[in-house]
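# Working through the structure, step by step
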Amino acid sequence: MNKKSVFLAVGCSVLAIIGLFFAICAGAKTISIQTIYDSIMHFDPENIDMQVIRNSRLPRALSTALVGGFLGVSGALMQGVTRNSLAEPSLMGISQGATLAVACLFVSPTVFGVFGTTVAAFVGASISGLLVLVFSMKNARNLNMTRLLLAGTALSTFFLSLASIIALVNNRSQNLAFWVSGGFRGATWTGVTTALIIGCIFVTLAILLSKKINIVSLGEDVAIGLGENPAKVRIATILVLIPMSAVSVAIAGNIAFVGLIVPHIVRKLVGVDYRYIVPFSFLFGATLLIWSDIAARLANAPYETPIGLFTSFIGVPLFLYMIRKERV
């Protein structure tokens, strides 16, 4: 790792830590540093401020960091194996498939909770992920990126339309609105624990896959010539990003564009080596979502603005700019 990469890692880490600290302090009520320290080291269950820190703001802050990291890594993986800088889970239908499954859970007698929504989101993300995989593997030597992008967009619209119909028929539109726009109001320690387990396993696997993704990103013929099987790498990559997408939707709903803009920025800063892109995408994604959540909480305090509005505000102009540059 060169000096520039070290500087970027340190700078982004410091910005993320400052954001986490600010996210815990700030809100409808500003809480002192001493109270934050006491809530962690000398927790008093009778103190309302300490309860807010321990049970709400701290798990929420950690959830934003983990989900942002997962979305960044998922976008980097998908862009690498499809060789398309416009690919990301929310644009390719994977996140919307998870959202549809969670919408189905709303009208079922299944016990709610993060494990219930995580399982449902995993099933939905798996189905939509496999569909994307089928599109990406068909005629892989002459893969049409426009067709892949359009197919992903069609899947996204289809899944969200089905979710909306289910919600309307069963009078659950308000519940679905949270999942469509995204947010961390329901973040819990159970969700943080689940995300930590998923992160330790699948982010590690993503880093281990990064060398193979480097080879696949060079092109089908080059990869085969170097002894790599592109189809197997795509399957392994989709299987790695599905759990991260699923747990992200289960905790925060459908947050768009983070997986698109973060890898794009990282590539500009650290180059095209996915051994650097993957871990830096986690770091940059976490930092972006931490500060986006702070903005969502404070922009119209004491009311909360959907976090998806802030990520879309950044992502849509960049997406349109990238479409103009993309040659397909």
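Here is a short report on the structure shown in this document.

A count of helical and extended segments in the chain gives 13 helices and zero strands. When its helices and strands are written in sequence order, the chain yields α-α-α-α-α-α-α-α-α-α-α-α-α. Across the 328 residues that make up the chain, the buried fraction comes to 53%. Element-wise, carbon and sulfur atoms account for 68% of the exposed surface of the chain, whose accessible area totals about 15100 Å².

With that settled, the discussion passes to the pattern of salt bridges. Taken as a whole and assessed by the stated rule, the structure comprises three salt bridges. Between D293 and R60 there is a salt bridge, with its nearest N and O atoms 2.7 Å apart. Of this pair, D293 sits in helix α12 (residues 274–298) while R60 sits in helix α3 (residues 48–82); the two residues are 233 residues apart in sequence, bridging distant segments of the chain. Taking the shortest distance from any N to any O, the salt bridge between R275 and D273 comes out at 2.7 Å. For D273, a relative accessible area of 17% corresponds to the buried category.

Mapping W189 onto the fold places it in helix α8 (residues 189–216). Separated by 126 residues in sequence, W189 and S63 place their C-alpha atoms 8.8 Å apart. Not counting chain neighbours up to four residues away, the residues in contact with W189 comprise R54, N55, L58, P59 and L62.

Geometry of a packed helix pair, given as the angle between the helix axes and the separation of the axes. Between helix α1 (residues 3–25) and α12, whose axes approach to 9 Å, the crossing angle comes to 30°. In terms of orientation, α1 lies roughly parallel with respect to α12. Relative to α12, the crossing made by α1 is left-handed. Here α1 contributes S5, L8, A9, C12, S13, L15, A16, I18, G19, L20, F22 and A23 to the contact with α12, which in turn contributes F280, L283, F284, T287, I290, W291, I294, R297 and L298. Residues of the contact of α1 with α12, tallied by class, amount to 16 nonpolar, four polar and one charged.

As a further point, take a nonpolar patch on the surface. Where nonpolar side chains cluster on the molecular surface, the patch consists of V119, F122, V123, I127 and L131 and spans about 430 Å² of accessible area. Looking at the element boundaries, V123 is found in helix α5 (residues 114–137).

As a further point, take α12. Taking 1.5 Å as the rise per residue, α12 with 25 residues should run 36 Å; its terminal C-alpha atoms sit 35 Å apart, in good agreement. The largest bend in α12 is about 25°, located at F280.

On to the nonpolar core, then. Nonpolar side chains tend to gather and get buried jointly when the protein is soluble and globular. Counting residues in each nonpolar core, the largest one holds 62 residues, and the members touching the most others are L77, F184, M244, I255 and L289. With 12 residues, the top contributor of residues to this core is helix α10 (residues 230–252). Within the second largest apolar cluster, 13 residues are counted, among which are A16, I24, I31 and L58.

The geometry of α3 relative to α12 is characterised by a closest axis approach of 7 Å and an angle of 140° between their N-to-C directions. When the interaxial angle is binned, α3 and α12 end up oblique. The handedness of the crossing between α3 and α12 comes out as right-handed. Considering only residue class, the contact of α3 with α12 consists of 15 nonpolar, eight polar and four charged.

Along the chain, the position of T311 falls in helix α13 (residues 307–325). Of the residues examined, T311 reaches a relative accessible area of 2% and is grouped as buried. In contact with T311, other than residues within four places in its own chain, are I255, A256, F257, V258, L289 and S292.

Next up on the list: the layout of surface pockets. A volume near 240 Å³ is recorded for the second largest pocket. G27, A28, R60, R297 and E304 are the residues nearest the centre of the second largest pocket, which is lined by 13 residues in total. Among the secondary structure elements, those contributing two or more residues to the lining of the second largest pocket are α3 and α12. When residues in the lining of the second largest pocket are grouped by element, the largest group, three residues, is from α3.

What follows deals with the environment of I17. Counting through the fold element by element, I17 comes out in helix α1. Overall, the relative accessible area of 56% leaves I17 in the exposed class. Here the alpha-carbon distance between I17 and I290, two residues 273 residues apart in the chain, equals 9.4 Å.

Per the counting criterion, the structure on display carries four aromatic pairs. A ring pair is formed by F158 and F159, whose centres lie 5.9 Å apart and whose planes are at 50°; its orientation type is tilted. By relative accessible area, F158 is classed as partly exposed at 47%. Considering the side-chain rings of F280 and F284, the 6.3 Å spacing of their centres and the 50° angle between planes classify their relative orientation as tilted.

Parameters at a glance
- Throughout this document, residue positions are counted from 1 along each chain, in the order its sequence is written.
- Whole-chain, interface and lining totals are the exception, using all residues; otherwise, since this is a predicted model, local features are given only for residues with pLDDT of at least 70 and side-chain atom pairs are given and counted only at 80 or more.
- The basis for every side-chain value is the complete set of non-hydrogen atoms in the structure, without hydrogens or water.
- Secondary structure elements are defined from DSSP: runs of H or I of at least 4 residues count as helices, runs of E of at least 2 residues count as strands, and each element is numbered from the N terminus.
- Exposure categories follow from relative accessible area, calculated using a 1.4 Å probe and restricted to protein chains: below 20% of the type maximum is buried, above 50% is exposed, and the middle band is partly exposed.
- In these tables, accessible area is a Shrake-Rupley quantity obtained with a 1.4 Å probe, and a residue counts as shielded only by the protein chains included in the view.
- Each reported salt bridge corresponds to a side-chain nitrogen of Lys or Arg within 4 Å of a carboxyl oxygen of Asp or Glu.
- Two residues form a contact once any of their heavy atoms are found within 4.5 Å.
- For helices, the axis comes from a line fit to the C-alpha atoms of the stretch in contact; other axes are also lines fit to C-alpha atoms, and the angle between any two N-to-C directions lies between 0 and 180 degrees.
- Should an angle fall under 35 degrees it is taken as roughly parallel, and over 145 as roughly antiparallel, whereas 65 to 115 is taken as roughly perpendicular and any remaining angle as oblique.
- Crossing handedness is read from the near helix: turned anticlockwise from the far helix by less than a right angle, it gives a left-handed crossing, and turned clockwise, a right-handed one.
- In the scheme used here, Gly and all other residues not listed as nonpolar or charged are polar, with Ala, Val, Leu, Ile, Met, Phe, Trp, Tyr, Cys and Pro taken as nonpolar and Asp, Glu, Lys and Arg as charged.
- Only residues above 30% relative accessible area that lack a salt bridge enter a patch, with like-charged residues linked at up to 9 Å and the nonpolar side chains Val, Leu, Ile, Met, Phe, Trp and Tyr linked at up to 5 Å.
- The span you would expect from a helix comes to 1.5 Å times its residue count less one.
- Take the seven residues that end at a residue and the seven that start at it, fit an axis to each, and the angle between those axes is the bend at that residue.
- Put simply, buried Ala, Val, Leu, Ile, Met, Phe, Trp, Tyr and Cys residues joined by side-chain atoms within 4.5 Å make one nonpolar core.
- Grid points spaced at 1 Å and placed over the protein atoms alone form the basis of the search, with a cavity being a set where a 1.4 Å probe fits but cannot get out and a pocket an open set showing protein on both sides within 12 Å along at least five of seven lines. Lining residues have an atom within 4 Å of a point.
- Grid points are joined across faces, edges and corners, and a volume is the space filled by probe spheres set on the points.
- By convention, a stacked pair of Phe, Tyr or Trp rings (six-membered ring in the case of Trp) has centres within 6.5 Å and planes under 30 degrees apart, an edge-to-face pair has planes over 60 apart, and any other such pair is tilted.

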